[in-house]
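What follows is each chain in one-letter form.
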Amino acid sequence: MIHSGITVMSENYLTGLAAAIFKMGGEMVYHKVRSLMELDHFDHVVIAAGFGIKAFPECENLKVKFPYKTYKV
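How each quantity is defined
Residues numbered from 1 in each chain as written. Predicted model: local features only at pLDDT ≥ 70, side-chain atom pairs only at ≥ 80, totals over all residues. Heavy atoms only, no water. Helix = DSSP H or I, 4+ residues; strand = E, 2+ residues; numbered from the N terminus. Buried < 20%, exposed > 50% of the residue type's maximum accessible area, 1.4 Å probe, protein only. Contact = heavy atoms within 4.5 Å. Areas by Shrake-Rupley, 256 points an atom, 1.4 Å probe, with all protein chains shown as cover. Core = buried A, V, L, I, M, F, W, Y, C linked by side-chain atoms within 4.5 Å. pLDDT = per-residue confidence, 0-100. Expected span 1.5 Å × (residues − 1). Arc of directions from axis to C-beta.

(A) Quick look at the overall build of the protein. Tallying secondary structure elements over the protein gives one helix and two strands in all. Along the protein, helices and strands appear, N-terminal first, in the series β-α-β. Counting across all 73 residues of the protein, residues that qualify as buried make up 14%. Taking the contacts inside the protein whose residues are at least 6 apart along the sequence as the reference set, 33% of them involve residues at least 24 apart. Accessible surface, the protein as shown: approximately 6,600 Å² in total, 57% of it carbon and sulfur.

(B) Looking closely at the environment of Glu11. Within the secondary structure, Glu11 sits in helix 1 (residues 10–23). For the pair Glu11 and Ala48, spaced 37 residues apart in sequence, the C-alpha separation works out to 8.4 Å.

(C) Quick look at the nonpolar core. Among the nonpolar cores identified, the biggest contains six residues, and these are Val33, Leu36, Leu39, Ile53, Phe56 and Cys59. When near neighbours in sequence (up to four residues on either side) are disregarded, Val33 contacts Glu38, Leu39 and Phe56.

(D) How the structure looks around the confidence of the model for the protein. Averaged over the protein, the pLDDT score is 78; the fraction of residues at 70 or greater is 78%. Per-element averaging of pLDDT across the protein places strand 1 (residues 5–6) at the bottom with 64 and helix 1 at the top with 88.

(E) Structural detail: the environment of Val45. The topology assignment puts Val45 in the loop between helix 1 and strand 2 (64–65). According to the relative accessible area criterion, Val45 is partly exposed, its value standing at 41%. For the pair Val45 and Met28, spaced 17 residues apart in sequence, the C-alpha to C-alpha distance is 10.0 Å.

(F) Highlighting helix 1. For helix 1, which comprises 14 residues, the first-to-last C-alpha distance of 20 Å matches the rise-based estimate of 20 Å (1.5 Å per residue) to within 8%. For helix 1, every residue scored as buried is listed here: Leu14, Leu17 and Ala18. Along the long axis of helix 1, the arc covered by the buried residues comes to 105°, so they all point the same way. More than 90 degrees from the buried face of helix 1, the exposed residues found are Asn12, Thr15 and Lys23. A positive phi of about 90° marks Gly25, the residue just after helix 1.

So, in structure tokens, the structure goes:
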């Protein structure tokens, strides 16, 4: 369970994550979703949505910090 988090550069993070997953023989799947319920069939899920995380009702309780000016989704 995640109790808090910070924003990261999504593109850089996903590039590094994909390289690590491929090295271990895994597969990275990129898919746009509107609800995390759509991802129930995966073993692990990484949400790299940046400020867009606010669009997921399932993430509304996460204490994500946005160091820059916030914008409406």
